[in-house]
Amino acid sequence: MRTQTENAARVVVIGAGMAGARLAARVPGVTVIGEEEHAPYNRVLLAEVLAGRYAPDVIALPPADVRRGVRVVRIDPADRLVHCDDGSVVRYGRLVLATGSNPVLPPLRGLGNTLPDGVHPFRTLDDCLALRAAVRPGTRAVVIGGGLLGVSAARALAECGAQVVLAQQGEHLMERQLDAESAGLLRRHLEALGVEVHTECRVRGLRCADSAVRAVELADGYELEAEITVLACGVRPRTGLALAAGLDVRKGIVVDDELRTSDPYIHAVGDCAEHDSTVYGLAGAALEQADVLAEVLAGRPARYTGTRALTRLTLRSPAASAAPAPALAGALAAGTAATAPATGALDLAAFGDSRPLPGDDVIRLADATKGAYRSVVVRGDRLAGGVLFGDLGAVGTLARTWQNDEPLPADMSLLHLLTNDGGL
């Protein structure tokens, strides 16, 4: 029987993102191979770097021994070898794919294989630093995509002094997390920061001149002048290595409850992994999967049964002062999207499914004076989801009840769910 040290010495991880770094911290002796030149960092805090609130080193994760700037070009499952672009070959006993995801590049006219000058994805620290270097006060910037990433990018660019337009194809912002009412509050807050928001707005293409973007063309023929265009249209799991190695791939790399792929010696975690037909694309899920896999690799019984994740976002008013860097310690450790509180900040939290089904109970409280909004969906005797906007006094208890899938007390008034202590 192999010891943990003997097992760990033979573990190779491809990918030095949050999942790979977490695994390296939990399993001694792991070999981590990462494409980026940077040390591992907390990707959910990139908007804070873009806004200039934090330097890149503030979002660094705990140190890990990583072969940086090395790209894996091929996996040989038969001989259990990893081939790298620097000519090196690494043998593994267990291989972990933590290859993450790539930003989706929408099929827009004028957007080819090479991005025009001024067009930026927003996925890596290099993307963030390039965008930060390009923006100046008064720069005309268009953000395409109104999900969590697009909202974060638009807010950060506005804080840099840019003239920002946010174009969202759907009916309202952050459709995956928010209901219409809370999305309306979010829109008004962004507009108060100077962001011009367009929903139900389909982008047709880019108008470029001299290999640089000049405008974003909408389907109705209207043009948005742009010196900078940010693509925030979602992400797609990186599965190329897995496909070439003959692994089972659907939306992502298919894994079982031990995060094992169709090859018993290869595992996958993070944005690239598909568990029970779900690709999470969330930091919380990536960290939870890495923790379970660390136990599996150590020979201890552990199973991954899915992640019930909370999305949290802080938007600051222009006059808000930033909290000191140590306030980020909890977010860095947890890998959540929460940021440090600040004066004049507006907090948003969403969990589960905020869209009710027939037969669900919906409880809402709104305070127009404070700009606060709370809504939870109750399905049977359990929370199905909820949105809290402004005052987040109840979020801790509500989120724990939902994450633990706990039944609600039978004698509790539903209105008590939205009191400051969650009514529990």
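These numbers come from a predicted model, not from an experiment.

### Section: the overall build of the protein chain
Then, in step 1: Across its full length, the protein chain holds ten helices and 25 strands.
Then, in step 2: A total of 424 residues make up the protein chain; the buried ones form 52% of that total.
Then, in step 3: Within the protein chain, contacts between residues separated by at least 24 positions form 61% of all contacts whose residues are at least 6 apart in sequence.
Then, in step 4: Split by element, the accessible area of the protein chain, about 18,800 Å² in all, is 49% carbon and sulfur.

### Focus on the environment of valine 249
Then, in step 1: For valine 249, the location among the structural elements is in the loop between helix 7 (240-244) and strand 18 (253-255).
Then, in step 2: Between the alpha carbons of valine 249 and serine 262 there is a distance of 9.1 Å; along the sequence they are 13 residues apart.
Then, in step 3: In contact with valine 249, not counting residues within four places along its chain, are Thr239, Ala242, Leu243 and Val254.

### Looking at the confidence of the model for the protein chain
Then, in step 1: On average, residues of the protein chain carry a pLDDT of 86, and 86% of them reach 70 or more.
Then, in step 2: Taken as a whole, residues 319-343 scores under 50 in pLDDT and shows 47 contacts with residues more than four places along the chain or in a different chain.

### So, the packing of aromatic side chains
Then, in step 1: All chains considered together, the criterion is met by two aromatic pairs.
Then, in step 2: Here the aromatic rings of tyrosine 280 and tyrosine 304 are separated by 6.4 Å at their centres, their planes lie at 80°, and the arrangement is edge-to-face. Separated by 24 residues along the polypeptide, tyrosine 280 in the loop between strand 20 (273-275) and helix 8 (283-297) and tyrosine 304 in the loop between helix 8 and strand 21 (310-315) bring together distant segments of the chain. Assigned by exposure class, tyrosine 280 and tyrosine 304 land together as buried.
Then, in step 3: Between the NZ or CZ atom of arginine 80 and the centre of the ring of tyrosine 265, over which it lies, the distance is 3.5 Å.

### Topic: helix 2 (residues 18-26)
Then, in step 1: The set of residues buried in helix 2 consists of Met18, Ala19, Gly20, Ala21, Leu23 and Ala24.
Then, in step 2: Tucked into the core, helix 2 has its buried residues touching strand 1 (11-14), strand 2 (31-33), strand 7 (94-97) and helix 8.

### Observations regarding the pattern of salt bridges
A side chain with one charge may pair with a side chain of the opposite charge, provided their charged atoms come close.
Then, in step 1: Under the defined criterion, the tally for this structure stands at 25 salt bridges.
Then, in step 2: Where arginine 312 meets aspartate 347, a salt bridge forms, and the shortest distance between an N and an O atom there is 3.8 Å. Taken together, the residues span a long stretch of sequence, with arginine 312 in strand 21 and aspartate 347 in strand 22 (residues 346-352) at a distance of 35 residues.
Then, in step 3: In the salt-bridge network here, residues are joined through shared partners; they are Arg22, Arg26, Asp291, Glu295 and Arg300.

### Comments concerning helix 5 (residues 148-159)
Then, in step 1: Its twelve residues give helix 5 an end-to-end C-alpha distance of 17 Å, which sits within 8% of 16 Å, the value for a rise of 1.5 Å per residue.
Then, in step 2: Judged by how many residues are buried, helix 5 sits mostly within the fold: nine of twelve residues are covered.
Then, in step 3: Along helix 5, the positions that sit buried rather than exposed are Gly150, Val151, Ser152, Ala153, Ala154, Arg155, Ala156, Leu157 and Ala158.
Then, in step 4: Following helix 5 by one or two positions, glycine 161 adopts a phi angle in the positive range, close to 95°.

### Observations concerning the side chain of aspartate 271
Then, in step 1: With respect to the secondary-structure elements, aspartate 271 resides in the loop between strand 19 (266-268) and strand 20.
Then, in step 2: For aspartate 271, the side chain forms a polar contact with the side chain of serine 101, separated by 3.1 Å.
Then, in step 3: A polar contact is formed between the side chain of aspartate 271 and the side chain of arginine 123, at a distance of 2.4 Å.
Then, in step 4: With residues up to four places along the chain from it excluded, the contact list for aspartate 271 reads Gly100, Ser101, Arg123, Pro237, Val279, Gly281 and Leu282.

### With respect to the nonpolar core
Then, in step 1: Grouped together as the largest cluster of nonpolar side chains are 48 residues, with contacts concentrated most on Leu23, Ile75, Val82, Leu95 and Leu97.
Then, in step 2: Residue contributions to this core peak at eight residues, all from helix 8.
Then, in step 3: Residue contacts for valine 82: discarding those within four places in its chain leaves Ile14, Ile33, Val72, Arg74, Ser88, Val89, Val90, Tyr92 and Leu95.
Then, in step 4: In terms of nonpolar packing, the next biggest core, distinct from the first, is built from 44 residues, Val49, Val143, Met174 and Leu178 among them.

### Details of unusual backbone geometry
Then, in step 1: For aspartate 210, which is not glycine, the phi torsion reads 55° and is therefore positive.
Then, in step 2: When you line up the elements, aspartate 210 lands in the loop between strand 13 (203-209) and strand 14 (212-218).
Then, in step 3: According to the relative accessible area criterion, aspartate 210 is exposed, its value standing at 73%.

### Structural notes on the pairing of strand 7
Then, in step 1: Summarising the sheet, strand 1 and strand 7 pair through four bridges and their orientation is parallel. Residue valine 13 lies in a different strand from strand 7, and its bridge partner there is valine 96.
Then, in step 2: Of the pairings in the sheet, the one linking strand 7 to strand 19 comprises three bridges and is parallel in character. Looking across to strand 19, one finds that leucine 95 is bridged to isoleucine 266.

### A short note on the packing of helix 2 against helix 8
The relative placement of two packed helices is expressed as an angle between their axes plus a distance between the axes.
Then, in step 1: In contact at an axis separation of 8 Å, helix 2 and helix 8 are set at 35° when each is read in the N-to-C sense. Relative to helix 8, the crossing made by helix 2 is right-handed. Along the contact surface, helix 2 presents Met18, Ala19, Arg22, Leu23 and Arg26, while helix 8 presents Ala283, Ala286, Leu287, Ala290, Asp291, Leu293, Ala294, Glu295 and Leu297.
Then, in step 2: Here the contact of helix 2 with helix 8 is composed, by residue class, of ten nonpolar, no polar and four charged.

### Considerations on the sheet that holds strand 4 (residues 72-76)
Then, in step 1: Taking strand neighbours across the sheet as the criterion, the three strands line up as 4-5-6 in an open arrangement whose pairing is antiparallel. Among the strands making up the open sheet, the edge pair consists of strand 4 and strand 6 (89-91). This sheet shows a mean twist of 20° between the axes of neighbouring strands, independent of strand direction.

What counts and what doesn't
Residues numbered from 1 in each chain as written. Predicted model: local features only at pLDDT ≥ 70, side-chain atom pairs only at ≥ 80, totals over all residues. Heavy atoms only, no water. Helix = DSSP H or I, 4+ residues; strand = E, 2+ residues; numbered from the N terminus. Buried < 20%, exposed > 50% of the residue type's maximum accessible area, 1.4 Å probe, protein only. Contact = heavy atoms within 4.5 Å. Areas by Shrake-Rupley, 256 points an atom, 1.4 Å probe, with all protein chains shown as cover. pLDDT = per-residue confidence, 0-100. Phe/Tyr/Trp six-rings, centres within 6.5 Å; stacked < 30°, edge-to-face > 60°. Lys NZ or Arg CZ within 6 Å of the ring centre and 35° of its normal. Salt bridge = Lys/Arg side-chain N within 4 Å of Asp/Glu carboxyl O. Expected span 1.5 Å × (residues − 1). Polar contact = N/O pair within 3.5 Å; in protein donor to acceptor, adjacent residues only side chain to side chain. Core = buried A, V, L, I, M, F, W, Y, C linked by side-chain atoms within 4.5 Å. Pairing = 2+ DSSP bridges. Axes fitted to C-alpha atoms, helices over the stretch in contact; angles between N-to-C directions. Left-handed = near helix turned anticlockwise from the far one by under 90°. Nonpolar A, V, L, I, M, F, W, Y, C, P; charged D, E, K, R; others polar.

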